[in-house]
Amino acid sequence: MTNRNRSREMYEQACRLLPGGVNSPVRAFQAVGGNPLFIERGQGARVYDVDGNAYIDYVCSWGPLILGHAHPAVTAGLAGAIAGGTSFGAPTERELVLAGLITDALPSVEKIRFVNSGTEATMSAARLARAFTGRQKIIKFAGCYHGHADSFLVQAGSGALTLGVPSSPGVPPGLSSLTIVLPYNDLDSVREALQQWGSEIAAVIVEPVAANMGVVLPGPGFLDGLRQLTREAGCLLIFDEVITGFRLGFGGAQGYYGITPDLTCLGKIIGGGLPVGAYGGRTEIMKLVAPDGPVYQAGTLSGNPVAMEAGIITLNLLKQPGIYQQLEERGEHLGQGLAKAAREAGIDTTLNRVGSLMSLFFCSESVTDLDSALKSNQEQFARYFNLMLNEGIYLAPSQFEALFVSLAHTREDLDQTIKVAGRAFLQMREN
Ligand SMILES: *Cc1c(COP(=O)(O)O)cnc(C)c1O
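Reading the values: the criteria
Residues numbered from 1 in each chain as written. Predicted model: local features only at pLDDT ≥ 70, side-chain atom pairs only at ≥ 80, totals over all residues. Heavy atoms only, no water. Helix = DSSP H or I, 4+ residues; strand = E, 2+ residues; numbered from the N terminus. Rg over C-alpha atoms; globule rule 2.2 N^0.38 Å. Contact = heavy atoms within 4.5 Å. Areas by Shrake-Rupley, 256 points an atom, 1.4 Å probe, with all protein chains shown as cover. Pairing = 2+ DSSP bridges. Core = buried A, V, L, I, M, F, W, Y, C linked by side-chain atoms within 4.5 Å. Buried < 20%, exposed > 50% of the residue type's maximum accessible area, 1.4 Å probe, protein only. Expected span 1.5 Å × (residues − 1). Arc of directions from axis to C-beta. Near = heavy atom within 4 Å. Polar contact = N/O pair within 3.5 Å; in protein donor to acceptor, adjacent residues only side chain to side chain. Nonpolar A, V, L, I, M, F, W, Y, C, P; charged D, E, K, R; others polar. Right-handed = clockwise from strand over helix to strand, strands pointing away.

S.K.: Would you mind showing me how to read the overall build of the protein here?
M.R.: Summing up its helical and strand segments, the protein has 14 helices and 16 strands in all. In terms of overall size, the protein behaves like a compact globule, its C-alpha atoms giving a radius of gyration of 21 Å where 431 residues would be expected to give roughly 22 Å. For the protein, the proportion of contacts with a sequence separation of at least 24, taken over those separated by at least 6, is 73%. For the protein, the computed accessible surface area is about 17,900 Å², with 51% contributed by carbon and sulfur atoms.

Right, dumping it as structure tokens:
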């Protein structure tokens, strides 16, 4: 068991200054108990806390750090960019370069607008979809996370097909009632909703691989079906690729599954660890965005040169041949190793994985939507999480977050992780 005294002291101080001691809720470790680690630095696949403990990190800043921490090319590029001034509020060449890299990688994105977070990207895409279609309602899926804009902090109403109710105080019911929440992987319910409200639906927004209820893969035909149904209904299909973009492949989930959405939201990896988001799509739609068109959306720091630089370096490295094959191999090695260790210890688990993105659920049935994800034994997860942390493996502190493998994770790191997990499963088995 590692000494975490300084982290505990800092957390106590932080709780006096910040709500819950954190600037984003899941960081507070509430789902797993104990205090969050205060991180001093990261290098490669490891983070180091303020008590001097080292951990193999599978949070990777919740996805952006696909190259690992403090990648030398990124830190060198950033140093150069910063020396030239950190923000101008005027166009810079780096915006062109990053926009070019992204539009080449994602043919569905003809034009792109950079913002500062994934939340801004989805919020702006929803506004644009509403303006483009002249319709107001949006369909989302239970368990998908699209940032914290009001329209998306909505849960399903009671009953099969009802308008959404706020999932957070402060969201006006008048707004949440414009969001319809349906079960992931359930095309029939989408078909029914489109029959009932078809001419009022502006867009269907989906995580093409859901990664915010744990990782849940789209079943055969789900994404295809959404593409077809939205086309027939005259509404837009928005892929929220904030996690999957440049994670599943250089062409994102849309390239991986061969589906062309109308609008795409990006974030995380495209900022290389700095705050960035983006949304884009066909010119016909994007030309409505100000100043080309009437849909207002702006940002003091949008297209920030330092953030653009981190994104450019990251994407250029990811573009090299063989990179996604390597990520797949590492993901497969870790996923199979964890699943086998659990099986051998007699712990029921289900592993959902695509490439370097995965989740281990503590249940034996397959996990295909929020209801089945909720069947995972969260006490077992909390136990597993803490046993792993005590042995130097830093997982996301919630069952409903993904595990991210980066290019910095070596075979030895993965084997060490599997070994520690094996011991953890045996201990869980014993008591
Ligand atoms: C992280 C995330 C967001 C929100 O991005 P922020 O940068 O945290 O605002 C939106 N959608 C998905 C799928 C995400 O994983």
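S.K.: Whenever I open this one, the sheet that holds strand S2 (residues 46-49) confuses me. Can you help?
M.R.: Strands in a sheet are paired, the pairing made by backbone hydrogen bonds, and the direction either parallel or antiparallel. Read across the open sheet, the four strands follow the order S1-S2-S3-S15; overall the sheet is mixed. In the strand order of this sheet, the two ends are held by strand S1 (39-43) and strand S15 (393-394), each with one partner. Sheet analysis places strand S3 (residues 54-57) next to S15, joined by two bridges and oriented parallel. Paired with Asp57 across the two strands is Tyr394, which belongs to S15.

S.K.: Would you explain the nonpolar core in this entry?
M.R.: Side chains of a nonpolar character, in soluble globular proteins, are inclined to be buried together. With 37 residues, the main nonpolar core has Tyr58, Leu334, Tyr384 and Phe425 as its most contacted residues. Those residues in contact with Phe425, other than ones at most four positions away along the chain, are Leu338, Ala341, Ala342, Ala345, Ile347, Leu360, Phe362 and Tyr384.

S.K.: Just checking my understanding: could you explain helix H1 (residues 5-17) for this structure?
M.R.: Since one α-helical turn is 3.6 residues long, residues separated by three or four positions face the same way. The terminal C-alpha atoms of H1 lie 19 Å apart, and with 13 residues this matches the ideal 18 Å at 1.5 Å per residue to within 8%. Those residues of H1 that fall on the buried side of the exposure criterion are Ser7, Tyr11 and Ala14. Looking straight down H1, one finds its buried side chains confined to an arc of 65°; they lie on one side.

S.K.: I keep staring at the site of the ligand and nothing clicks. Help me out?
M.R.: Around the ligand, the surrounding shell consists of Ser117, Gly118, Thr119, Tyr145, His146, Gly147, Glu207, Asn212, Asp240, Val242, Ile243 and Lys268. In the environment of the ligand, an oxygen atom lies 3.1 Å from a nitrogen or oxygen atom belonging to the side chain of Asn212. Side-chain polar atom of Asp240 to a nitrogen atom of the ligand: 2.7 Å apart, as the coordinates give it. Considering the ligand on its own, with 380 Å² of exposed area, one finds that the protein chains cover 84% of that surface. When its residues are assigned to classes, the shell around the ligand shows three nonpolar, six polar and three charged.

S.K.: Which parts of the structure should I look at to understand the pairing of strand S11 (residues 263-267)?
M.R.: One face of the sheet, then the other: side chains in a regular strand alternate in exactly this way. S11 sits mainly inside the fold: five of its five residues count as buried. Judged by which residues are buried, S11 turns out to be covered on both faces: Leu263, Cys265 and Gly267 on one side and Thr264 and Leu266 on the other are all buried. Where strand S10 (residues 236-240) meets S11, three bridges bridge the pair, whose relative direction is parallel. Paired with Phe239 across the strands is Thr264, a residue of S11. Taken together, S10, helix H8 (residues 252-257) and S11 form a β-α-β motif whose crossover is right-handed. Across five bridges, S11 lies against strand S12 (residues 277-281) in antiparallel orientation. Its bridge partner being in S12, Thr264 is matched across the sheet by Gly280.

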